[in-house]
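Spelled out from the first residue to the last, the chains are:
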Number of protein chains: 2
Amino acid sequence: MGKGITIEDVASAAGVSRQTVSRVMNQSPRVSPEARTRVEQAIAALGYVPSLAARSMAGGRSRLLLAVFESPSPETQATLGLDRLLPAGTLACSPHGYRLLLEPIAPESAPAASDAQLAATIGAVQPDGAILLPPLDSRADLRAALESRKVPVQTLHGTGAPVENPGEAAAQHLLDRGHRQIGFITGPSDPGHAEYCLAGYRSALARKGSRAHRHFVAEDRPDLGDVLDLARAWLVPTIRPTAIITMRSEAALAVLHVAQALKLAVPRDLSLIALEDDPALARSHPPVAALHDPAPDRFAAACTRMITALENRDAPRSDPPVSAITLTERASLARAPRAI
Amino acid sequence: MGKGITIEDVASAAGVSRQTVSRVMNQSPRVSPEARTRVEQAIAALGYVPSLAARSMAGGRSRLLLAVFESPSPETQATLGLDRLLPAGTLACSPHGYRLLLEPIAPESAPAASDAQLAATIGAVQPDGAILLPPLDSRADLRAALESRKVPVQTLHGTGAPVENPGEAAAQHLLDRGHRQIGFITGPSDPGHAEYCLAGYRSALARKGSRAHRHFVAEDRPDLGDVLDLARAWLVPTIRPTAIITMRSEAALAVLHVAQALKLAVPRDLSLIALEDDPALARSHPPVAALHDPAPDRFAAACTRMITALENRDAPRSDPPVSAITLTERASLARAPRAI
DNA sequence: TTGAAAGCGCTAACAG
DNA sequence: CTGTTAGCGCTTTCAA
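Residues numbered from 1 in each chain as written. Chains lettered and ligands numbered in written order. Predicted model: local features only at pLDDT ≥ 70, side-chain atom pairs only at ≥ 80, totals over all residues. Heavy atoms only, no water.

- Under an unreviewed UniProt entry, chain A has the name Transcriptional regulator, LacI family protein and belongs to Erythrobacter dokdonensis DSW-74.

Dropping the structure here:
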């Protein structure tokens, strides 16, 4: 079909010069309504799409944004979730005519190596901006490599409030519902993240004066038997947690199973929250509440911020609020049965 | 640092014309060794990187490949694994100076809608080729939309042998080790994929005359209790499977737990294979064997094939073999204990 | 409000 | 083997 339709084709079809077509595409106000209409019709009729490369050369703007992320190594099994991040970001960019370009960075790469890599990319594509995805957003060397070459940087944090700690958020939800004896089971994957969430949980409990974190913190093991044993050890005694937070969804399911085997009703006798959502959680009986990670939304927001900053290079724009961690409430949640 | 270094800068630094620089970059043989050396030194010294946009305009080749994938909808939780696919593809492209561009397609999108979307992308970036990622590789409308606009298409299949069926591969491994009573537990996610794997398992067993598939096929349930019950129902009787295949890694762990509780030794009395690998499988006791999905390698191979096809537009290139599904053997595997 | 001219950085033709 | 001449499709800058 339409092969090689250029601005020139549109111009002659509309009976104007290419400048006028260009002005219409670039939202310039200095075009008469009639001319604009004719051009728009010609564009639609011909199925014209301006060439990114040509616009990039002539205008100095590539309309390309770099999505800089850490490429997963065999051991770093930390799931980044690109499956959902990338479509969200792409969707946010496309209405503005922007596109995302991938830039995987090897984990723990030497600053010099990643600097060279970024230099090559910047030279080749001259991106208008870059989004540093976690956990890369804390790498000062990458940010410096980008900014020293005049590439503006955004992260998922935006300019708003700092991101909540998932462990803290879950603990707070339970504290708000009256729970004090709250247990926490970390996941075996990604020690750094586990430590981070655990710290959040601890500080939330400490704020309320609960000491549960001294008794009810345990590490998740890959062996199902270990998790089941752990759950039994916590739930059989009279003094037991009224709520448990698990990092892995599987661990939540295992705890649920033990509770039911012990004739403890969920959520009446025990509330459950997983820090990671999974379809299986929604389908279990009862369904288990989980924290919803808004990373895709925050990535989309970062792209939008980048683009608005690029377009209105001066206007005092106020960034929309950063979406926060939300809890997907399911039947595994109830108020604490009583004060213990 | 280096801002706006062009071919012209390199040319004057090396004391040649830009054409010579261009020839060096494009591997043209028609350059004297001395000139080549001086140009290469100048390139290195200046940190010159040619502009993709300019090369695209002048040469007609964008050096951009479209990665067309299905954007995951809330329900279509089928994990595509972009986390590992994309870095692998990027790595395969970059040594050739190519880059990947994302093209998410909404699931079950109307052919007209995705055609329009692809038309817009093709017009804007004029990709040199496109890789259709599963499950999109079977959508004839997408392939047509691409090819009618002269965009060559590749899939993960390559030109080699068709991809193995994971269910069949796992069953075959066990059959080869003498097992006949082989159970199969499907995953609750992605019914289509489950059906596909199950069919492969069935045909493998049928070939060997085993009838186990009439007795030992079950559907995985999100409730852990259900899976544990299922495992007990299979393993308590005297006539029981000597091997079990599970689609989800969690189910394999659950079966392992039940077996051990029943004093069945794994792998002596029961062999286990999961169709999906997971770090937890490697860390359990004993570690559980799993099929290794070579999708990232096959994606990288598809990119390489695309690029070689693009470069030697005529040469009768023979594609390297497509990597097959491999089994990550772990201690959960043994020969069948006896004929039953 | 519009058009004409001049490139952006590179490669494809040609000459030498 | 090397340099020269034209553009690629668009936006910018300047005139009209």
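Additional details are given in the paragraphs that follow.
## A few points about the packing of helix α5 (residues 82–93) of chain A against helix α5 (residues 82–93) of chain B
Phase 1 of the analysis: Viewed as axis vectors pointing N to C, α5 of chain A and α5 of chain B meet at an angle of 70°, and their least axial separation amounts to 8 Å. Classified by the interaxial angle, the pair formed by α5 of chain A and α5 of chain B is roughly perpendicular. Between α5 of chain A, through Leu82, Asp83 and Leu86 of chain A, and α5 of chain B, the contact on the second element is made entirely by Leu82, Asp83 and Leu86 of chain B.
Phase 2 of the analysis: The class makeup of the residues in the contact of α5 of chain A with α5 of chain B is 4 nonpolar, no polar and 2 charged. (Axes fitted to C-alpha atoms, helices over the stretch in contact; angles between N-to-C directions. Helix = DSSP H or I, 4+ residues; strand = E, 2+ residues; numbered from the N terminus. Parallel < 35°, antiparallel > 145°, perpendicular 65-115°, else oblique. Contact = heavy atoms within 4.5 Å. Nonpolar A, V, L, I, M, F, W, Y, C, P; charged D, E, K, R; others polar.)

## Some words on the protein's contact with DNA strand C
Phase 1 of the analysis: As a matter of local geometry, DNA strand C sits amid 28 residues, with Arg23 and Arg30 of chain A together with Ile7, Gln19 and Tyr48 of chain B nearest to it.
Phase 2 of the analysis: Arg18 of chain B places a side-chain nitrogen or oxygen 3.1 Å from a base nitrogen of DNA strand C.
Phase 3 of the analysis: Within the contact set of DNA strand C, a phosphate oxygen lies 3.4 Å away from a backbone nitrogen or oxygen of Ser51 of chain B.
Phase 4 of the analysis: Breaking the surface near DNA strand C down by element, the ones donating at least two residues are α2 (18–25) and α4 (52–59) of chain A together with α2 (18–25) and α4 (52–59) of chain B.
Phase 5 of the analysis: Looking at side-chain class alone, the surface near DNA strand C contains 12 nonpolar, 10 polar and 6 charged residues. (Near = heavy atom within 4 Å. Polar contact = N/O pair within 3.5 Å; in protein donor to acceptor, adjacent residues only side chain to side chain.)

## As for the sheet that holds strand β8 (residues 271–274) of chain A
Residues and elements named next belong to chain A.
Phase 1 of the analysis: Here we have 6 strands laid out as an open sheet, ordered β6-β5-β7-β8-β9-β10, and mixed in their pairing. Edge positions in the sheet fall to β6 (217–219) and β10 (326–328), since each has one partner strand and no second. Adjacent strand axes in the sheet meet at a mean angle of 20° when their direction is disregarded.
Phase 2 of the analysis: Sheet topology note: the strand β9 (residues 289–292)/β10 ladder contains 3 bridges and is antiparallel. Its bridge partner lying in β10, Ala290 is registered against Thr328.
Phase 3 of the analysis: Running over the sheet, helix α8 (residues 166–176) touches β5 (182–186), β7 (243–246), β8, β9 and β10 and is turned about 165° from β7.
Phase 4 of the analysis: In the packing of helix α11 (residues 249–261) onto the sheet, contacts are made with β5, β7 and β8, and the angle to β8 comes to roughly 165°. (Pairing = 2+ DSSP bridges.)

## Some thoughts on the protein's contact with DNA strand D
Phase 1 of the analysis: By nearness alone, 27 residues border DNA strand D, and Ile7, Gln19, Ser22 and Tyr48 of chain A together with Arg23 of chain B come closest of all.
Phase 2 of the analysis: Each atom of DNA strand D within 4 Å of the protein was classed as base or backbone; sugar and phosphate made up 52%.
Phase 3 of the analysis: Contact between DNA strand D and Ser17 of chain B: a phosphate oxygen at 3.0 Å from a main-chain N or O atom of the residue.
Phase 4 of the analysis: Ala58 of chain B places a polar main-chain atom, nitrogen or oxygen, 3.2 Å from a base oxygen of DNA strand D.
Phase 5 of the analysis: Going through the elements one at a time, α2 and α4 of chain A together with α2 and α4 of chain B are the ones with two or more residues in the surface near DNA strand D.
Phase 6 of the analysis: Within the surface near DNA strand D, the residues separate by chemical class into 12 nonpolar, 10 polar and 5 charged.

## Structural notes on the sheet that holds strand β5 (residues 182–186) of chain B
Residues and elements named next belong to chain B.
Phase 1 of the analysis: Read across the open sheet, the 6 strands follow the order β6-β5-β7-β8-β9-β10; overall the sheet is mixed. Unpaired on one side and paired on the other, β6 (217–219) and β10 (326–328) mark the two borders of the sheet. Strand-to-strand twist across the sheet, computed as the mean angle between neighbouring axes with direction ignored, equals 20°.
Phase 2 of the analysis: Where β5 and strand β7 (residues 243–246) come together, 4 bridges link them in parallel fashion.

## Re the interface of chain A and chain B
Phase 1 of the analysis: Counting from both sides, the interface comprises 55 residues of chain A and, opposite them, 56 residues of chain B.
Phase 2 of the analysis: In total, chain A and chain B occlude about 4400 Å² of area from one another, counting both sides; carbon and sulfur atoms represent 65% of this.
Phase 3 of the analysis: Where chain A touches chain B, the interface holds 2 salt bridges.
Phase 4 of the analysis: Ionic pairing is found between Glu103 of chain B and Arg99 of chain A, a salt bridge with its closest N-O pair at 3.1 Å.
Phase 5 of the analysis: On inspection of chain A and its partner chain B, the count reaches 14 residue pairs in polar contact (both at pLDDT 80 or more).
Phase 6 of the analysis: When residues of the side of chain A that touches chain B are traced back to their parent elements, those giving at least two are α4, α5, β2 (99–105), α6 (111–125), α10 (224–235), α11 and α12 (279–283) of chain A.
Phase 7 of the analysis: In terms of residue class, the side of chain A that touches chain B is made up of 30 nonpolar, 14 polar and 11 charged. (Buried area = accessible area lost by both parts, 1.4 Å probe. Salt bridge = Lys/Arg side-chain N within 4 Å of Asp/Glu carboxyl O.)

## Some points on the relation of the copies chain A and chain B
Phase 1 of the analysis: The operation relating chain A to chain B is a screw motion whose rotation component is 180°, with 0.1 Å of axial translation and a residual RMSD of 0.1 Å. When the rotation and shift are considered jointly, the pair of chain copies conforms to a two-fold rotation axis. Rotation axis and chain A: the residue whose C-alpha lies nearest the axis is Ala53 of chain A, separated from it by 2.3 Å.
Phase 2 of the analysis: Both copies contact each other with a shared surface, as 98% of the interface residues of chain A are interface residues in chain B too. (Least-squares fit on C-alpha atoms with pLDDT ≥ 70 in both.)

## Structural notes on the domain arrangement of chain A
Phase 1 of the analysis: Segmentation of chain A into domains returns domain 1 (7–55), domain 2 (64–155) and domain 3 (166–293).
Phase 2 of the analysis: Here the C-alpha centre of domain 2 of chain A lies 34 Å away from the C-alpha centre of domain 1 of chain A. (Domains from an automatic or database assignment.)

## Observations concerning the environment of Val49 of chain A
Phase 1 of the analysis: One can find Val49 of chain A in the loop between α3 (33–46) and α4.
Phase 2 of the analysis: Beyond its immediate sequence surroundings of up to four residues, Val49 of chain A is in contact with Ala120, Gly123 and Ala124 of chain B.

## Some details on the state of the cysteines
Phase 1 of the analysis: Scanning all chains against the criterion turns up 0 disulfides over all chains.
Phase 2 of the analysis: Free of any disulfide, Cys303 of chain A has its nearest cysteine sulfur in Cys93 of chain A, 3.9 Å distant. (Disulfide = S-S within 2.5 Å.)

## Some details on helix α11 (residues 249–261) of chain B
Phase 1 of the analysis: For α11 of chain B, which comprises 13 residues, the first-to-last C-alpha distance of 19 Å matches the rise-based estimate of 18 Å (1.5 Å per residue) to within 8%.
Phase 2 of the analysis: Taken residue by residue, α11 of chain B has Ser249, Ala251, Ala252, Leu253, Ala254, Val255, Leu256, Val258 and Ala259 of chain B as its buried positions.
Phase 3 of the analysis: The inward-facing, buried residues of α11 of chain B abut α10 of chain A together with β5, α10 (224–235), β7, β8 (271–274) and α12 (279–283) of chain B.
Phase 4 of the analysis: Note on α11 of chain B: the residue one or two positions beyond its end, Lys263 of chain B, has a positive phi of about 65°. (Expected span 1.5 Å × (residues − 1). Buried < 20%, exposed > 50% of the residue type's maximum accessible area, 1.4 Å probe, protein only.)

## Thoughts on the UniProt feature "domain: HTH lacI-type" (unreviewed entry) in chain A
Phase 1 of the analysis: UniProt's feature table lists "domain: HTH lacI-type" (unreviewed entry) at residues 5–59 of chain A, given in the numbering used throughout.
Phase 2 of the analysis: Helix makes up 69% of residues 5–59 of chain A and strand makes up 0%, while its end C-alpha atoms are separated by 19 Å. (UniProt positions renumbered as here; feature names shortened; annotations may be inferred.)

## So, the packing of α10 of chain B against α11 of chain B
Residues and elements named next belong to chain B.
Phase 1 of the analysis: As a packed pair, α10 and α11 sit with axes 9 Å apart at the nearest point and diverge in direction by 50°. Here α10 is positioned oblique relative to α11, judged by the angle of their axes. Here the hand of the crossing between α10 and α11 comes out right-handed. Packed against α10, whose contacting residues are Leu224, Val227, Leu228, Ala231, Arg232 and Leu235, the element α11 presents Ala251, Ala254, Val255, His257, Val258 and Ala259 at the interface.
Phase 2 of the analysis: Here the contact of α10 with α11 is built from residues that sort into 10 nonpolar, 1 polar and 1 charged. (Left-handed = near helix turned anticlockwise from the far one by under 90°.)

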